[in-house]
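Summary of structural features
These are the residues of each chain, in order.
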Amino acid sequence: MTPETTNAAAQPKGYRGIGMEGFIAGWYARQTAKDIDEFKNTARRLAPHIKRGTCVLEIAPGPGYLAIEVARLTGCRMVGVDISRTFIRIANENARKAGVDIAFDEGDAADLPLPANGFDFIFCRAAFKNFSQPLAALDEMHRVLKPGGAALIIDLRKDFSPQAIRDYTKDKGLINGSIIRMTFNTMLKTRAYTPEGIAQLAAQSRFGQGDVRLDPIGFELWLRK
Ligand SMILES: C[S@@+](CC[C@H](N)C(=O)[O-])C[C@H]1O[C@@H](n2cnc3c(N)ncnc32)[C@H](O)[C@@H]1O
């Protein structure tokens, strides 16, 4: 990777943040409610890293499905921060219906409305590529993590293959599958990070480094303070 591309990854993107409001947020919440098994599987994978009663933050939880599953499974004290007012309302309603106690609040990943050194674990799924100030968002994760804490970013990898997306969408239905494939191949691919790009960004952040793990369509970036 050249210095130019390295710096490009850290540059603020040309928008304030892809906050999803109103109808779009409602549509996304209804669509992703169908992926509840995927959220449950992810929660089971995160659970061994989270002890009962510890403080956990989800950044950009959207409708809050993953936060709800993680809180249920682990008994942690869960907080969620999202830039979208509509998603905060939907997520609080979903938590109330699920009977779990989670504080979802409005805020920007690049300027978290939270004190320093407060969280044992942070996660952020399917959202990091949308952040307009990615380096500031990583530095904010570092600020609010307790020393010894860990953060995990789960997102789409830019270099996914067409076959990987076909496999991912094969059970999503004819129309929804086509819409998802089109969105992945256009808007999401444009914003997504390559494995090298996300590793370089982690290296430039206050974390100093990160551990990138790959699957056919996504990456996990593990960060430790
Ligand atoms: C595609 S949704 C993902 C939601 C959820 N994490 C999931 O896995 O379904 C992207 C989320 O990022 C949020 N978002 C975008 N920019 C943000 C920012 N700068 N700070 C906080 N949240 C942001 C959006 O409002 C939205 O909830």
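Residues numbered from 1 in each chain as written. Predicted model: local features only at pLDDT ≥ 70, side-chain atom pairs only at ≥ 80, totals over all residues. Heavy atoms only, no water.

Structural notes on unusual backbone geometry
Here the phi dihedral of asparagine 117 falls at roughly 60°; this positive angle occurs in a residue that is not glycine. Within the secondary structure, asparagine 117 is located in the loop between β3 (102-106) and β4 (119-125). By relative accessible area, which is 41% here, asparagine 117 ends up partly exposed. Phi at alanine 126 is positive, roughly 55°, even though this residue is not glycine. One can find alanine 126 in the loop between β4 and α6 (134-144). The partly exposed category is assigned to alanine 126, whose relative accessible area is 31%. (Helix = DSSP H or I, 4+ residues; strand = E, 2+ residues; numbered from the N terminus. Buried < 20%, exposed > 50% of the residue type's maximum accessible area, 1.4 Å probe, protein only.)

Quick word on the packing of aromatic side chains
Counting across every chain of the model gives 8 aromatic pairs. Consider the rings of phenylalanine 128 and tyrosine 193, whose centres lie 5.6 Å apart with planes at 50°: the pair is tilted. Residue phenylalanine 128 is found in the loop between β4 and α6, and its partner tyrosine 193 is found in the loop between α8 (174-191) and α9 (195-204); the two are separated by 65 residues along the sequence. Both residues of the pair, phenylalanine 128 and tyrosine 193, count as buried. On the basis of an interplanar angle of 70° and a centroid distance of 6.4 Å, the ring pair of phenylalanine 160 and phenylalanine 184 is categorised as edge-to-face. Of this pair, phenylalanine 160 sits in the loop between β5 (145-156) and α7 (162-168) while phenylalanine 184 is found in helix α8, placing the two residues 24 residues apart along the sequence. Of the two residues, phenylalanine 160 and phenylalanine 184, both sit in the buried class. Each residue in the set Phe121, Phe123 and Trp222 is aromatic and connected to the rest through ring pairs, giving one cluster. A cation over an aromatic ring shows up here: lysine 172 above the ring of tyrosine 168, its NZ or CZ 4.8 Å from the ring centre. Sitting over the ring of phenylalanine 160, lysine 189 keeps its end group 4.3 Å from the ring centre. (Phe/Tyr/Trp six-rings, centres within 6.5 Å; stacked < 30°, edge-to-face > 60°. Lys NZ or Arg CZ within 6 Å of the ring centre and 35° of its normal.)

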